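Summary of structural features
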Amino acid sequence: DAGVTQSPTHLIKTRGQQVTLRCSPKSGHDTVSWYQQALGQGPQFIFQYYEEEERQRGNFPDRFSGHQFPNYSSELNVNALLLGDSALYLCASSLYGGSGYTFGSGTRLTVV
Amino acid sequence: AQTVTQSQPEMSVQEAETVTLSCTYDTSENNYYLFWYKQPPSRQMILVIRQEAYKQQNATENRFSVNFQKAAKSFSLKISDSQLGDTAMYFCAFMKPETGANNLFFGTGTRLTVIP
């Protein structure tokens, strides 16, 4: 049984570019959440998607946007990349309203 | 806003010994969940143990147990019989259950090294 799958595992982008990260949730889960983990910090909540809609959002600018597809997979898009966007981006899936998260291994984004 | 504080950036323990990681949190809520997650070099967050605030009994999972002090807003993790595979970052996290979307608030983590 596949857990949460994220792609790519590593990515290097230039400041000002745009990036798309992808996540496939654990089988049976319908909700996807995205977290940003800067080096040496704990993860911070970006947003959560359920039924293809953003249901909750953390304190992140509009440059961060997302999408959820009918098969529950999700994308995180970041526009106009800044050096400070360099981080590990973690995807977590769950059942809507549940407390049981399953995390992926993340995408390491480096902005140069 | 909920805040989670882990005051020990790094800790070490001898193999087979016991170690306790500290966590405090701040909330005005009465009903919530607390978690300890482990993040090894593989980067995946792995759930270690979970505590529901309305339960007075401390949660236990094999070698892992917690000391939940609700009035003091303290939630420490005790690892008994430490093993080399316990070497990892450990994060304390808080969740306030809401109708629908729930999200986790994490502390800054404690890096635990188990010494052979």
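Below is a summary of the structure that appears in this document. (Residues numbered from 1 in each chain as written. Chains lettered and ligands numbered in written order. Predicted model: local features only at pLDDT ≥ 70, side-chain atom pairs only at ≥ 80, totals over all residues. Heavy atoms only, no water.)

1. A look at the overall build of chain B
So the rule is basically this: Only DSSP runs of H or I covering at least 4 residues are called helices, and only runs of E covering at least 2 are called strands; the numbering of each starts at the N terminus. Using C-alpha atoms as the atom set, the radius of gyration is obtained and then compared with a globule rule of 2.2 Å times the number of residues to the power 0.38.
On a plain count of helices and strands, chain B comes out with zero helices and 12 strands. Helices (α) and strands (β) of chain B occur, in sequence order from the N terminus, as β-β-β-β-β-β-β-β-β-β-β-β. Relative to a compact globule of 116 residues, whose C-alpha radius of gyration would be 13 Å, chain B shows 14 Å and is just as compact. Here the C-alpha coordinates of chain B stretch approximately 45 × 30 × 25 Å along the principal axes.

2. Considerations on the overall build of chain A
We apply this condition: Per-residue accessibility, obtained with a 1.4 Å probe over protein chains only, is compared with the maximum for each type, and a residue is labelled buried under 20%, exposed over 50%, and partly exposed between these values. When checking whether two residues touch, look at their non-hydrogen atoms; a contact exists if any pair is within 4.5 Å. Shrake-Rupley sampling with a 1.4 Å probe provides the accessible areas, and residues are treated as covered by the protein chains on show and by no other component. Only four residue types enter the tally: Lys and Arg on the positive side, Asp and Glu on the negative side; His and the chain ends are excluded. Charge positions come from single atoms, namely NZ of Lys, CZ of Arg, CG of Asp or CD of Glu.
Per the secondary structure count, chain A includes zero helices and 11 strands. Along the chain direction, N to C, the helices and strands of chain A fall in the order β-β-β-β-β-β-β-β-β-β-β. Taking 112 residues into account, the globule formula puts the C-alpha radius of gyration at 13 Å, and chain A, at 13 Å, falls close to it. Here the C-alpha coordinates of chain A stretch approximately 40 × 25 × 25 Å along the principal axes. The buried share of chain A, taken over its 112 residues, is 49%. Taking the contacts inside chain A whose residues are at least 6 apart along the sequence as the reference set, 53% of them involve residues at least 24 apart. Accessible area for chain A stands at about 5,100 Å²; split by element, carbon and sulfur atoms hold 48% of it. Measuring between centres, the 8 positive side-chain charges of chain A sit 11 Å from its 9 negative side-chain charges.

3. A few points about the sheet that holds strand 8 (residues 74-78) of chain A
All names here are of chain A. Our working definition: Two strands are said to pair when DSSP picks up at least two bridges between them. Only the stretch in contact is used when a helix axis is fitted, and all axes are lines through C-alpha atoms; the angle between N-to-C directions ranges over 0 to 180 degrees.
With respect to topology, four strands assemble into an open sheet ordered 1-3-8-7, the strand pairing being antiparallel. Taken across any chain shown, the strands that pair with only one partner, and hence form the sheet edges, are strand 1 (5-7) and strand 7 (64-68). Pairs of neighbouring strands in the sheet enclose a mean axial angle of 20°, with direction left out of account.

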